[in-house]
Amino acid sequence: MKKISAIGARLAIVAAFAAAGAAPLTAQAAQDHHHKASHASCQNCGTVVSTRTYERAAERASGLGAGGGAVVGGLLGNQVGSGNGRTLATIAGAVGGAYAGNRVERNMHKTVYTDVRVRMANGGTRVFTEQGNSRFGNGDRVRVQQGRLIRD
């Protein structure tokens, strides 16, 4: 009887060490499974499939460009011809100068935007427009949080 109890005690010790050594592996496997499962069920998650960066001119100008352009255009137009021709050239120069000055000012205040196309977990595609250069590359895993993209 003593031999059986000694063998049983040894088996219990071996089993305890085996369980202690396997516990971290079991816990890690459970965490990995949970992490993969959470990605699979995340409806706000997706993968970046493309980005496109572009510049957009300012919607409005302050008027300084148009005003300055009108003055310069009017002065140049006034140098052409005489009489009614000079008057028409001055008006045309002022109008053309105002238009050109406005375009120059708007182009000076360009803003960079990036369209980020994301394939969502549900299979659909969404496009997010962000100000600035691209923060994401093709294949990046992202999540939509409060309407904005964040790295997942």
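Residues numbered from 1 in each chain as written. Predicted model: local features only at pLDDT ≥ 70, side-chain atom pairs only at ≥ 80, totals over all residues. Heavy atoms only, no water.

Asker: It is not clear to me how the overall build of the protein chain should be interpreted in this structure. Could you clarify?
Answerer: Looking only at helices and strands, the protein chain has three helices and five strands in total. When its helices and strands are written in sequence order, the protein chain yields α-β-α-α-β-β-β-β. Relative to its full complement of 152 residues, the protein chain shows a buried share of 18%. In the protein chain, 60% of the contacts between residues at least 6 apart in sequence involve partners at least 24 apart. (Helix = DSSP H or I, 4+ residues; strand = E, 2+ residues; numbered from the N terminus. Buried < 20%, exposed > 50% of the residue type's maximum accessible area, 1.4 Å probe, protein only. Contact = heavy atoms within 4.5 Å.)

Asker: Could you clarify how one ought to interpret the pattern of salt bridges in this entry?
Answerer: Per the counting criterion, the structure on display carries five salt bridges. Where Asp-115 meets Arg-52, a salt bridge forms, and the shortest distance between an N and an O atom there is 3.1 Å. Of the two residues, Asp-115 is situated in strand β2 (residues 111-120) and Arg-52 in strand β1 (residues 45-56); the sequence distance between them amounts to 63 residues. With relative accessibility at 47%, the residue Arg-52 sits in the partly exposed group. (Salt bridge = Lys/Arg side-chain N within 4 Å of Asp/Glu carboxyl O.)

Asker: Just to check I follow, could you spell out the state of the cysteines for this structure?
Answerer: By definition, a disulfide links the sulfur atoms of two cysteine residues through a covalent bond. Applying the stated criterion to the full structure yields one disulfide. Shown here is the disulfide that connects Cys-42 with Cys-45, its sulfur atoms set 2.0 Å apart. One disulfide, between Cys-42 and Cys-45, carries an S-S torsion of 80 degrees and so falls in the right-handed class. With respect to class, Cys-42 is no different from Cys-45; both count as buried. (Disulfide = S-S within 2.5 Å.)

Asker: Can you help me understand the pairing of strand β4 (residues 141-145) in this one?
Answerer: Along any regular strand, the residues point their side chains to alternate faces of the sheet. Covered by surrounding structure in β4 are Val-142 and Val-144 only, the residues Arg-141, Arg-143 and Gln-145 on the alternate face being uncovered. In this structure, β1 lies alongside β4, joined through three bridges in antiparallel fashion. Note that in β4 the partner of Gly-46 across the bridge is Val-142. Hairpin connection, β4 to strand β5 (residues 148-151): the antiparallel pair is bridged by two residues, and Gln-146 has positive phi, about 55 degrees. (Pairing = 2+ DSSP bridges.)

Asker: How should the nonpolar core be read in this particular structure?
Answerer: Nonpolar side chains tend to gather and get buried jointly when the protein is soluble and globular. Listed in full, the nine residues of the largest apolar core are Val-48, Val-116, Val-118, Met-120, Phe-128, Phe-136, Val-142, Val-144 and Leu-149. Every element with two or more residues in this core is listed here: β2 and β4. Looking at which element gives the most residues to this core, the answer is β2, with three residues. When neighbours within four sequence positions are excluded, Leu-149 is seen to be in contact with Val-116, Val-118, Phe-128, Glu-130, Arg-135, Phe-136, Val-142, Arg-143 and Val-144. (Core = buried A, V, L, I, M, F, W, Y, C linked by side-chain atoms within 4.5 Å.)

Asker: Any chance you could explain the side chain of Glu-130 here in plain terms?
Answerer: The residue Glu-130 is located in strand β3 (residues 125-131) in this model. Polar side-chain contacts of Glu-130 include one of 2.9 Å to the side chain of Arg-135. With residues near it in sequence (within four places) discarded, Glu-130 still touches Val-112, Tyr-113, Thr-114, Val-116, Arg-135, Phe-136 and Leu-149. (Polar contact = N/O pair within 3.5 Å; in protein donor to acceptor, adjacent residues only side chain to side chain.)

Asker: Quick question: what am I supposed to make of the sheet that holds β1 here?
Answerer: Sheet strands associate in pairs through backbone hydrogen bonding, adopting either a parallel or an antiparallel arrangement. On the basis of which strands lie adjacent, the open sheet formed by five strands has the order β3-β2-β1-β4-β5 and antiparallel pairing. Among the strands making up the open sheet, the edge pair consists of β3 and β5. Between one strand axis and the next, the sheet turns through 40 degrees on average, direction left out of account. Relative to β5, β4 is paired through four bridges, and the arrangement is antiparallel. Paired with Arg-143 across the strands is Ile-150, a residue of β5. (Axes fitted to C-alpha atoms, helices over the stretch in contact; angles between N-to-C directions.)

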